[in-house]
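One-letter residues, chain by chain:
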Amino acid sequence: MKILHIDTNHQLLINQLNDLGFTNHEDYTSSKSQIEAKISDYDGIIIRSRFSINKQFLDAAKNLKFIGRVGAGLENIDCDYAESKGVTLFNAPEGNRNAVAEHALGMLLSLFNKLNKADKEVRQGKWLREANRGIELDGKTVGLIGYGNMGKAFAKKLRGFDVKVICYDIKPNVEDENCTQVSLEELKEKADVLSLHTPQTPLTLKMMNTEFINNFKNPFWLINTARGKSVVTEDLISALDSGKILGAGLDVLEYEKTSFEDLFKVEEPKFRWMRKGKKSNLPEAFQYLINADNVILTPHVAGWTNESKEKLAQTIVDKIKAKFC
């Protein structure tokens, strides 16, 4: 079987697939149309987030038997159409769930203790102790929406704190020793912290809007390490401004491209005179976020650690091996 790798990953992925007898080709620079023109030669493709795999691409991939996505989600693949053509889909949420959980916890503790604000002020020569008095996580109720690999990993990290962890999931009976499953209504009534661990689906797209936020009984803290398009940014800043949301840790943003590789990729005008008076291309809502002391932003790296890079690759190898060897 021939496999085409179109994103760079940990070298063990290709090394171990070679050892299993697969033929591996790498192409990290060709355009999507160029890849599409030759994909019929391959039985498998390994992708991270370089481009989306749509119906046209799948129709061209006449001999494709599997797609390996070295990541958690599959939203950059037309999954229904792929499966209708007999293509097996592999992803690897097991590989970066611990990294995501640690990142989410780090964001939450940083928000509670104003670490980003205090650090910035001390570097500016300001020594403001009372203004940076924090709050403790113990005694709080942490609500999770989505209780799959990522949600379960985060709940496990919270075991060392005296907190109550509750979750809402569209699947029944997902609770375990670390978390109690509740209705969405109960979660909105009890949560002091809300952490999102959902894939991007029609149900989660723009889920966090003004109506949804205002249905929470108490002001709450928001952590989003899932998908940016689940949160309507303008509605988020309205809630931050009013105090309905006390602070936010955002590893993902509504404005991300499908590839997740670039946020705002804008070409500079060709002529210098065209740049004069040019206003920022950043949405006003995003400018609010980057200036807010109670917001922490990271560039979609919650699942990106040295360890997860290796574990993601190993997970894909193991799944391919189990299916085809």
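If you're wondering where the values come from, they're calculated on a predicted model, not measured in any experiment.

**Concerning the packing of helix 5 (residues 93-112) against helix 7 (residues 149-157)**
Moving on, step 1. The geometry of helix 5 relative to helix 7 is characterised by a closest axis approach of 8 Å and an angle of 50 degrees between their N-to-C directions. The angle between helix 5 and helix 7 falls in the class oblique. Considering only the axes of helix 5 and helix 7, their crossing is right-handed. Along its contact with helix 5, which presents Pro-93, Glu-94, Asn-96, Arg-97, Asn-98, Val-100, Ala-101, Glu-102, Ala-104, Leu-105 and Leu-108, the element helix 7 presents Asn-149, Met-150, Ala-153, Phe-154 and Lys-157.
Moving on, step 2. Residue composition of the contact of helix 5 with helix 7, grouped by class: nine nonpolar, three polar and four charged.

**Observations regarding helix 6 (residues 115-123)**
Moving on, step 1. Every buried residue belonging to helix 6 is among Lys-117, Ala-118 and Glu-121, and all of these are buried. Down the axis of helix 6, the sector holding all buried residues measures 95 degrees, keeping them to one side.
Moving on, step 2. A positive backbone phi angle near 85 degrees is found at Gly-125, which sits one or two residues after helix 6.

**Considerations on the pairing of strand 6 (residues 141-145)**
Moving on, step 1. With five of its five residues buried, strand 6 lies for the most part within the structure.
Moving on, step 2. Residues Thr-141, Gly-143 and Ile-145 line one face of strand 6 and the alternating positions Val-142 and Leu-144 line the opposite face, and both faces are buried.
Moving on, step 3. Inspection of the sheet shows strand 6 paired to strand 7 (residues 164-168) by five bridges, in the parallel sense. Paired with Ile-145 across the strands is Tyr-168, a residue of strand 7.
Moving on, step 4. In this fold, strand 6 hands off to helix 7, which returns the chain to strand 7; that crossover is right-handed.
Moving on, step 5. For strand 6 and strand 9 (residues 193-196), the ladder comprises four bridges, and the chain directions are parallel. Counted as the bridge partner of Val-142 is Val-193 from strand 9.

**So, helix 5**
Moving on, step 1. If you check helix 5, its first and last C-alpha atoms are 28 Å apart, about what 20 residues at 1.5 Å a residue would give, namely 28 Å.
Moving on, step 2. Of all the 20 residues making up helix 5, 14 are buried; the element is thus mostly covered by neighbouring parts of the structure.

Definitions and limits used
Residues numbered from 1 in each chain as written. Predicted model: local features only at pLDDT ≥ 70, side-chain atom pairs only at ≥ 80, totals over all residues. Heavy atoms only, no water. Axes fitted to C-alpha atoms, helices over the stretch in contact; angles between N-to-C directions. Helix = DSSP H or I, 4+ residues; strand = E, 2+ residues; numbered from the N terminus. Parallel < 35°, antiparallel > 145°, perpendicular 65-115°, else oblique. Left-handed = near helix turned anticlockwise from the far one by under 90°. Contact = heavy atoms within 4.5 Å. Nonpolar A, V, L, I, M, F, W, Y, C, P; charged D, E, K, R; others polar. Buried < 20%, exposed > 50% of the residue type's maximum accessible area, 1.4 Å probe, protein only. Arc of directions from axis to C-beta. Pairing = 2+ DSSP bridges. Right-handed = clockwise from strand over helix to strand, strands pointing away. Expected span 1.5 Å × (residues − 1).

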